[in-house]
Every structure is written in structure tokens, then in C-alpha cells.
Amino acid sequence: MPAKPPASDPVQDAPEVSAPKKSAVGLPAITHALRAAQQQMGVRRTALTLLRVNQPNGFDCPGCAWPEPGKTHTAEFCENGAKAVAEEATLRRVTRAFFAEHPVAELRERSGYWLGQQGRLTEPMYLAEGATHYTPIGWNAALDLIADELKALDSPDEAAFYTSGRTSNEAAFVYQLFAREFGTNNLPDCSNMCHESSGYALGDTIGVGKGSVLLEDLEKADLIIVAGQNPGTNHPRMLTALEGAKRAGTKIMTINPLPEAGMQNFHNPQTPRGLAGPGTSLTDLFLQIRLGGDQALFRLLNKLLLERDGATDDAFIRDHTHGFQDFATAARTATWDETLEATGLTREAIESALEMILASRSIIVCWAMGLTQHKNSVPAIQEIVNFLLLRGNIGRPGAGVCPVRGHSNVQGDRTMGIVERPTPQLLDALEREFGFTPPREHGLDVVDTIRALRDDRVKVFFAVGGNFVSATPDSDLTEAALTRARLTVQISTKLNRSHCVTGRRALILPTLGRTERDRSPEGDEQFVTVEDSMGMVHASRGRLAPAGPQLRSETAILCDLARRVLGPGSATPWEEFAADYGRIRDAVARVVPGFTDFNTKVARPGGFALPHPPRDSRTFPTATGKANFTAEPLTWPHVPEGRLLLQTLRSHDQYNTTIYGLDDRYRGIKNGRRVVFVHPEDAQRLGLPDGSYADLTSEWTDGSERTAPGFRVVHYPTAPGCAAAYYPETNVLVPLDSTADRSNTPTSKSLIVRLTPTGPDAT
């Protein structure tokens, strides 16, 4: 039998700390994964469920977006994937009795971990204005209430429709279609907070805002550079792909402020060498860079390449690129002094990196949020593109850009049209297919949605999945802004903080998970599709019985709501879409480029790859018709004396804002999350002994300050001058207006903070 959820929050004020690990996965990962799964699902359900994860006829893991190999293993999941599946397929239930027992004010005081451990939501719940408790509500009454509220708005732009990455392609398509037929482009999504900077940088430079490599390219590369990413925690199955590349002769360079166990040594749990042997040493060169110094590093590398005879691919530059001279002029201004200051690296380390680069013909650069959440994120990624273009490393096997997306199908949501700044081509296609005139004005992204809620310009907030309150910056401001809404609606599988911080009225609409069987009204089994981090689209089929008889799929909920809001004047076949997802895919095939014969292609095991002109034919759909070199001004964070540069990050025991447990065994943390990792020399200079406690206060340019209290100081081998702490506990420190240039992504990886000692030993 599965373990019961905790009755009260565990104490987290005295975490245990040990030395960080220097290797990852192996037998401990199997043990932790199976223990977590059995606690939630029981033994038999664990076996039946985990063996279907990421299989051709199974369901796509609700965790990360790493692609499946052509030949899947019997156990094609990682530790955190198993935990994600277990929390969705759990036997624990949140019923009306739970809500009767716990007032919303009490739930607000609970931790995100405790809320998530209570189990699956089972029926629609309603919080009336002035009420203290959620109470049950029928589906018809709930959807009519939302429809009435939306139709009563003075403008469609007074509503915002948020999306999480786990939404299927089919649900995402009907969601954006509904919002635009309703009359708004207010479609903020989780991409706004993670890889938006990648999209802007890649769209401008190569014409496609996605990665240009496929999984098989990793083993064809001479060099893989992993920058600002921790695969061991965030994308553990990537470690298997990197191990395969190493065995094929690929070198790996890691650029990161923190040494990460998975990139040091990987024990593959599916091989004897991984279980009982020495594992595989992955990183050949580790560059421990200061936060925000990546643009400076790649600019200097580009200068050094320009100065080496024969180091550049002159034919590729001539035939396929634009703007080389301006780029080269800017690159040649790079100096060793400014690069060493910005990066904190030694000259010897950078020269070693250069020699590794010169010895490699085909190079892939992978990155994640360690690069995308700084003020200079877009120019930094553009400098990486410059680096690859210089040697012709886009459009050939074993080479290219590889932004590694986080949440499963976050990339597919964007492909389906979940974007606040839609292209004219998308809007024209929707108009041709569905016979209405979509709005052309740009809508609101996440940051602008929070501002609009704060300023009473958005009055209805509707979310499909996710945990908006805990994922967003400036937590106190965001929570206050949401409470100003007339109505907040959450389509969810599990309880989270966004159900406790509500508008004047609130609804919780329970939905099916990826693991569960989805039947049409006639009883036919349906499947959905997802797009992985490398542009592969494949089917996902849930097999478990739904967690409760009242659960509906996201697609069915959205189609039913659209029918009620838009009425008989809508020509969109909403009821047919809900009854047969194949009809949705037929419409997608006519609207979204690359999806011709969608239903036929996705029926094949493994699905199909979306076209990518830079990768497929070295053609670049940019304004110039070529790949664009760029020459942005060089910037990096400058930190005042007595302050540190803080990055927020995940514990190993979490995925995004879902907290699976209170341990981070790779970093040596047990039973706690309010810890701050500080270099021992910085800690000594600031008077912070190991094990002492401090308040974290961020300082913003307008003079405002934000404080997160009570963090245990952990002396840790991070880059000097830098610190790290877990989110969402530190999201309160991120000013709403501190965003990346152009992409408007919160700068969660470069916060200027001071640490104030607290407790009896504070002076």
C-alpha cells in the first residue's frame, strides 16, 4: 500500500549537510526512484506504470523534454522522471472532505512540498467571494461561471490565458485558438520564464528559434560544450547520451559556476560499468565561470579564432552568412583583462579551451537556464551562434545549437501557437482555416501579465497546468496582484500554491494526467502528441484508469468552455474536436508548417522530426536570407563590494516548482531547502561561518530591497563571488522589472544580494 501523505509540514530549519558528491546516478538513483514510486503507487502499480514511460506505445514522461533514442531501453526513465510519474499516478486523493477540513488561509501557510504530497485532485471546486473554504461545484456550473465572467469583460484583453509546458499539442492548439477567437493574444506561458532568450537569439541569427541538432548528432560531434546546464538533476537521461558520445570519441567541455556531480562522473544504471564499475568521466575540461560571464568568454574565443590562420570556415561565412565584418570588428575589441574580470577564469583555462576547440571540427553547444536568465542573455546566446558560424558548425552532422528545454512539451506549446507575439503567418492561417479575424496586437507575456493584474488591467486569470504563483518572480508582488483578479481558474492534476493565492473568486478544474486513459464520449481511446527538445513529435497514450470519475482531459475542458463562451456564432467544430483529437490534428496539419499528414506521421513508432531549414539544407529563414552574425555590446554583472551574485536553481529532489522531497544528495543536503551555497573565501570575508544562518536581501536599481529570511550558510565550491539557493523559496528576491533585454525573462540567475547574519551568533 502507498504511504499516506504527511499530516503536517516537516521541520526544515535544521538541514543536515555533508560533502557534495563527485558522481551521479548508479544504484542509489534506482533505489530512490523505486522507493518514491512505491510510496505513491504501491509495488504492482509501480511496475506496470514505469515500464510504459517513454515507450513507443506508452506515455511521454511528464517531466523533462529530453528526446527518446531510436531504440528504447526497457526502463526508459530517470530518477526524477520516476518521481514525476509517481506523483501523477499516485493513489493519494484530494477530495471534498479535504477542502472542508482545510480553509484556504491554512493552505496558504503550508509548504509547496506538503501541498503536492496530498495527491490528485478529483472534482471541480469553487471558492466563492468572501468564502473561507473551497466547496464542490458541478462541471456545467463551473464552466458557465467562467463563460459568464469572460463575456462580462469590457474587452477580451482583460483576460490572460497562461499555459504550462506539460499541456499536449492538441490542448495547446485549441487553447490558443479559443483565446484568439475570443479576441486576445494574452497567452503568457512558461517559455517566457525559461528559454525565451533562446528563441529571440536564434530567431534573429538562424531564423528558427529552436535547436538545430538531433539526438544522433551528439555521437557524431568532436566536441560538446555544456554551458549553464545541470543534466544530472534537470535532464538525467542526457547523461546517457553524453556517455554514448564519449565512447564514440567526443570531448566534453563544461562551463558552469558550480561543479555538478553528473558532469563529473556518470554511473549508468543500465550497464555493469555504471552499477559496479568506475562509471564514466564525462567532463574533459571544466571552466568554472562567474555568473553572467558567458558572453565575454565566447567573444574572446571568437577573437582568438579570428587571429588563427585557417581556424575559420571562410567558404561557409561567404556563402551562408551576413554581417561578418561588423561582428569581426566587435570581436577584435575583446581583451584578456576584461574577459578575466567578467568570467573569473584564468588565462590558462581559456587557452586550454581554445586548443580543444581548434582540435574539433564538429561542435555542439548545449545550454539551459544558466544562460537564459540574465540581463545579457540574448547577446550571450548570439555570441555562441557567432562562435558556431565562424567554423561552419550549423547545418552539418555533429554540429549545431542545442538549447535543452525543461518541461515536457514546452516547445510543442509554442509550436502550436501559444505565444503572445504571434507571427502574421500563423494568424493568416487561423483566419483561413476557421473563418474569424484574429487580433493582431501583441498580447501579454508573464511579466506583463503580472503588471496588468497589479494595475487592474487583467481581471480574469486562466491557467492550464503549472504553478504560476511559485514559478514567477517577485513573489510578494505577484501574489498581491493575483488577489486583485475577479476570477482565477486553474486546470490542474495536483494541489499547489496557485490554488491558495486566488482572485476574489476561484475555480479548480481537475484534469487527466499523461499516465491516464483518455476516452471520447463514445468510449473510444484517444491519444495526444508532444514535441521534445529536439523537434521530434510523437504520440503519448495513457493506460491507467483516471484518478476519479469526474476528471476530464484538458482538451475536453477547453473545447466545452469555448463552445459556451463563443456560442453558435463560432464556426469552429468544438464538440467534434473534443470527441476526436484526430480532427484537431487535421486542422493543425493545415495551419502549422511541418505538420502535413500529421495523423499518418504520428502513427509511426517514434513519430517524426519537424523540418529545420538550417539543419536540413543550410538555408536560413531570416530577413537577410542568411545566418546573421551579430555585434552586440559586451556586458556582464558588476557586483558592489560586500555583495554576492546569486543564482536560483533546483534541488535534485524537485522538478520545476514540484518538490518531491527535501534532499539534494548530490550537493550534500538532507531534510532542508533553505540553504545558500557560498564559496568559503567569500563566506569568511563576509563573516559567515559554515552552518550559520543569514537573511538574503536582493538590491535593485531603484533602491528597493526584497528579503528571504533564514537560510543556512553552506560553504561550497561555487565560483568565487557567486552564490546559489533553491527556488521557489528565492523567487521573492527577483524584482519584477529585472528582466533580460528583449526577451523580458526574469533574471533569476544574476541577483545582487547581501547576506545578513541572523541567530544568536550574529554580530
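Preceding block: the structure.
Residues numbered from 1 in each chain as written. Predicted model: local features only at pLDDT ≥ 70, side-chain atom pairs only at ≥ 80, totals over all residues. Heavy atoms only, no water.

Engineer: Please explain the overall build of the chain as it appears in this structure.
Structural biologist: The helix and strand tally for the chain stands at 31 helices and 33 strands. Here the chain has a C-alpha radius of gyration of 25 Å; the compact-globule value for 763 residues is 27 Å, and the two agree. Referenced to the eigenvectors of the C-alpha coordinate spread, the extents of the chain come out at roughly 70 × 65 × 55 Å. When burial is assessed residue by residue, the chain has 63% of its 763 residues classed as buried. If you take every contact in the chain between residues at least 6 apart in sequence, the share linking residues at least 24 apart comes to 78%. Here the chain displays about 26,700 Å² of accessible surface, and carbon together with sulfur accounts for 50% of that area. Looking at charge distribution, the chain has the averaged site of its 80 positive side-chain charges lying 4 Å from that of its 90 negative ones. (Helix = DSSP H or I, 4+ residues; strand = E, 2+ residues; numbered from the N terminus. Rg over C-alpha atoms; globule rule 2.2 N^0.38 Å. Buried < 20%, exposed > 50% of the residue type's maximum accessible area, 1.4 Å probe, protein only. Contact = heavy atoms within 4.5 Å. Areas by Shrake-Rupley, 256 points an atom, 1.4 Å probe, with all protein chains shown as cover. Lys, Arg positive; Asp, Glu negative; His and termini not counted. Charge placed at Lys NZ, Arg CZ, Asp CG, Glu CD.)

Engineer: Mind showing me how you'd approach the nonpolar core here?
Structural biologist: In summary, soluble globular proteins display a tendency toward joint burial of nonpolar side chains. Ile146, Leu150, Phe161, Phe173, Phe462 and Leu509 are the most contacted members of the largest nonpolar core, which has 61 residues in total. Setting aside residues no more than four positions away along its own chain, isoleucine 146 makes contact with Phe462, Leu487, Val489, Leu507, Leu509 and Leu561. By size, the runner-up hydrophobic cluster in this structure holds 51 residues, among which are Ala334, Met356, Leu390 and Val401. (Core = buried A, V, L, I, M, F, W, Y, C linked by side-chain atoms within 4.5 Å.)

Engineer: Just to check I follow, could you spell out the sheet that holds strand β11 (residues 280-281) for this structure?
Structural biologist: Reading across from one edge, β2-β10-β11 is the order of the 3 strands in this open sheet, with mixed pairing throughout. Since the sheet does not close on itself, it has two edges, and those belong to β2 (24-25) and β11, each with one partner. Inspection of the sheet shows β2 paired to strand β10 (residues 265-267) by 2 bridges, in the parallel sense. Considered in β10, the bridge of valine 25 is made with histidine 267. (Pairing = 2+ DSSP bridges.)

Engineer: Got a minute to help me understand the packing of helix α7 (residues 139-151) against helix α26 (residues 554-566) in this structure?
Structural biologist: Packed helix pairs are specified by the crossing angle of their axes together with the interaxial distance, meaning the distance between the axes. Where α7 contacts α26, the axes come no closer than 9 Å and their chain directions differ by 50 degrees. Taken together, α7 and α26 sit at an angle that is classed as oblique. Remark: the crossing between α7 and α26 carries right-handed chirality. Here α7 contributes Trp139, Asn140, Leu143, Asp144, Ile146, Ala147, Leu150 and Lys151 to the contact with α26, which in turn contributes Ile557, Asp560, Leu561, Arg564 and Val565. By residue class, the composition of the contact of α7 with α26 is 8 nonpolar, 1 polar and 4 charged. (Axes fitted to C-alpha atoms, helices over the stretch in contact; angles between N-to-C directions. Parallel < 35°, antiparallel > 145°, perpendicular 65-115°, else oblique. Left-handed = near helix turned anticlockwise from the far one by under 90°. Nonpolar A, V, L, I, M, F, W, Y, C, P; charged D, E, K, R; others polar.)

Engineer: What exactly am I supposed to notice about the side chain of arginine 541 here?
Structural biologist: Tracing the backbone through its elements, the reader meets arginine 541 in the loop between β22 (536-540) and α26. In this structure, arginine 541 is buried with no salt-bridge partner, the nearest side chain bearing the opposite charge being glutamate 525 at 6.8 Å. Ignoring sequence-local partners within four residues, the contact set of arginine 541 consists of Pro56, Asn57, Gly58, Phe59, Arg514 and Phe527. (Salt bridge = Lys/Arg side-chain N within 4 Å of Asp/Glu carboxyl O.)

Engineer: Looking at this model, I keep getting lost on helix α2 (residues 43-50). Mind explaining?
Structural biologist: In an α-helix there are 3.6 residues to a turn, and that puts residues three or four apart on one side. When we look at burial in α2, the residues that qualify are Thr46, Thr49 and Leu50. Viewed end-on, α2 has its buried residues packed into an arc of 85 degrees, placing them on one side of the element. Where α2 is buried, its residues contact α1 (27-41) and α3 (79-88). (Arc of directions from axis to C-beta.)

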